[in-house]
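Report on the structure
Residues per chain are reported as follows:
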Amino acid sequence: MLTVHAVNAFKDNYIWLIQAENSRKVLIVDPGHAEPVFEALKQMTLTPAAILITHHHADHIGGVEALLDHYQVPVFGPATKQIPAVTHPLKQTHALQVDPDFPLFQVMETPGHTPEHICYLLENKLFCGDTLFAGGCGKLLGGSAEQLFLSLQQLKQLPAETEVYCAHEYTEANLRFASVVEPDNRTLQERRQQVREMREAGQPTVPSLMADELATNPFLRTHLHHIKTAAEMYSGMTLNSDKAVFATLRNWKDNF
Ligand SMILES: [Zn+2]
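What you see is a predicted model; the values in this text were computed from it and never measured. Here the residue index of a chain counts from 1 through its sequence in written order. In keeping with the model being predicted, local features are shown solely for residues with a pLDDT of at least 70 and side-chain atom pairs are shown and tallied solely at 80 or more, while totals for entire chains, interfaces and linings include all residues.

The pairing criterion for strands is at least two bridges between them, as found by DSSP. Secondary structure follows DSSP: runs of H or I at least 4 residues long count as helices, runs of E at least 2 residues long count as strands, and numbering of each begins at the N terminus. Taken in spatial order, the six strands of this open sheet run β1-β2-β3-β4-β5-β6, and their pairing is mixed. Looking at which strands have only one partner, the edges of the open sheet turn out to be β1 (3-9) and β6 (88-90). Here the average twist between neighbouring strands, direction ignored, is 25°. Note: strand β2 (residues 13-19) against strand β3 (residues 25-29), four bridges, orientation antiparallel. Every axis corresponds to a line fitted to the C-alpha atoms, with the helix fit spanning only the stretch in contact, and the corresponding angles, defined between N-to-C directions, vary from 0 to 180 degrees.

Below, the discussion takes up the packing of helix α8 (residues 225-235) against helix α9 (residues 242-254). Running from N to C, α8 and α9 point in directions that differ by 55°, and their axes come no closer than 9 Å. In terms of orientation, α8 and α9 fall into the oblique class. As for the relative orientation of α8 and α9, their crossing is left-handed in sense. Contacts between α8 and α9 pair I227, K228, A231, Y234 and S235 from the former with V245, T248, L249 and W252 from the latter. Tallied by class, residues from the contact of α8 with α9 come to six nonpolar, two polar and one charged. Geometric relationships in this document are graded by angle, where less than 35 degrees denotes roughly parallel, more than 145 denotes roughly antiparallel, 65 to 115 denotes roughly perpendicular, and other angles denote oblique. Each crossing gets its handedness from the near helix: less than a right angle anticlockwise from the far helix is left-handed, clockwise is right-handed. This entry defines residue contacts through backbone-placed C-beta atoms, with two residues in contact when those atoms are within 7 Å. Three classes are used: nonpolar for Ala, Val, Leu, Ile, Met, Phe, Trp, Tyr, Cys and Pro, charged for Asp, Glu, Lys and Arg, and polar for all others, with Gly counted as polar.

With that out of the way, let us pick up the packing of helix α4 (residues 145-156) against α9. Each pair of packed helices can be described by the angle between their axes along with the distance between the axes. Contact geometry of α4 with α9 gives a least axis separation of 9 Å together with a crossing angle of 110°. Taken together, α4 and α9 sit at an angle that is classed as roughly perpendicular. Judged by residue contacts, A145, E146 and F149 of α4 engage K243, F246, A247 and R250 from α9. A class-by-class count of the residues in the contact of α4 with α9 yields four nonpolar, no polar and three charged.

This paragraph deals with the domain arrangement of the chain. Start and end points for every domain follow an automatic or database-based domain assignment. Taken domain by domain, the chain consists of domain 1 (3-166) and domain 2 (171-254). For domain 1 versus domain 2, the distance between C-alpha centres works out to 24 Å. Listed as interface residues are 24 residues of domain 1 and, on the opposing side, 25 residues of domain 2. Looking at the side of domain 1 that touches domain 2, the elements with two or more residues in it are β11 (132-133), β12 (136-137), α4 and β13 (163-166). The greatest single-element share of the side of domain 1 that touches domain 2, amounting to five residues, is contributed by α4. A breakdown of the residues in the side of domain 1 that touches domain 2 according to their chemical character gives 16 nonpolar, three polar and five charged.

Owing to its 3.6 residues per turn, the α-helix aligns residues three or four sequence positions apart on the same side. The end-to-end C-alpha distance of α4 is 16 Å, a good match for the 16 Å that twelve residues give at a rise of 1.5 Å each. Buried within α4 we find L148, F149, S151, L152 and L155. Down the axis, α4 shows its buried residues gathered within 165° of arc, on one side only. Buried residues along α4 sit against β9 (118-122), β10 (125-129), β11, β12 and α9. A helix is expected to span 1.5 Å for every residue after the first. Exposure classes come from backbone-placed C-beta atoms, where a residue is buried if 20 or more other C-beta atoms lie within 10 Å of its own, exposed if 12 or fewer do, and partly exposed in between. Note: the arc covers the axis-to-C-beta directions of the helix.

Dropping the structure here:
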């Protein structure tokens, strides 16, 4: 079993440290800032085995160079010129070996938030950067609505017990929007209350469970009639596909 440690960075980013079983080695996911990572490694006496990158935004890669100055580790990430530090460019695969202490992991190409975005699946843990969020999804910052829709359809197929480690604490705001789209979803109202209490207690709401995302995240529920109706009411247009419903929801959230 892997253990995952959350490192807080900036206002609401999570940098994830994935620790191997019976080992001090960790994989560092999306180190946007090096300082809090150095501190966490020191505090828990952990040693980096590799860095994993999901996409090129500065709040996900800004700390890579400073970490490499201290630790000579491989950097895995999407193949793009925008992340020059990547030593091992990745494509969709089912069995990637990063380090002998870690299980094989799966790489999923998930364009949409950005064109090159990838996600990592280790055991039942999904590291999905800014593609799927607890209660929401990433903005379109370079990719298309169709790409992000298809990427989320791919993630939706993962088992319900999959743990979703996204890169930001956006859950409360996401669920506020979800409640406007689906005011009658009781599971959503319960989750919202739970999340509110967790935030008041200063706890992270990430990871979430895929089962909860499937039940309450409107961006994974575009096939439902009442969500289509809500999106049509918002846009004043007839929406003829799940993809069109998704694009409308994304636009609605951007203006929410
Ligand atoms: Zn991003």
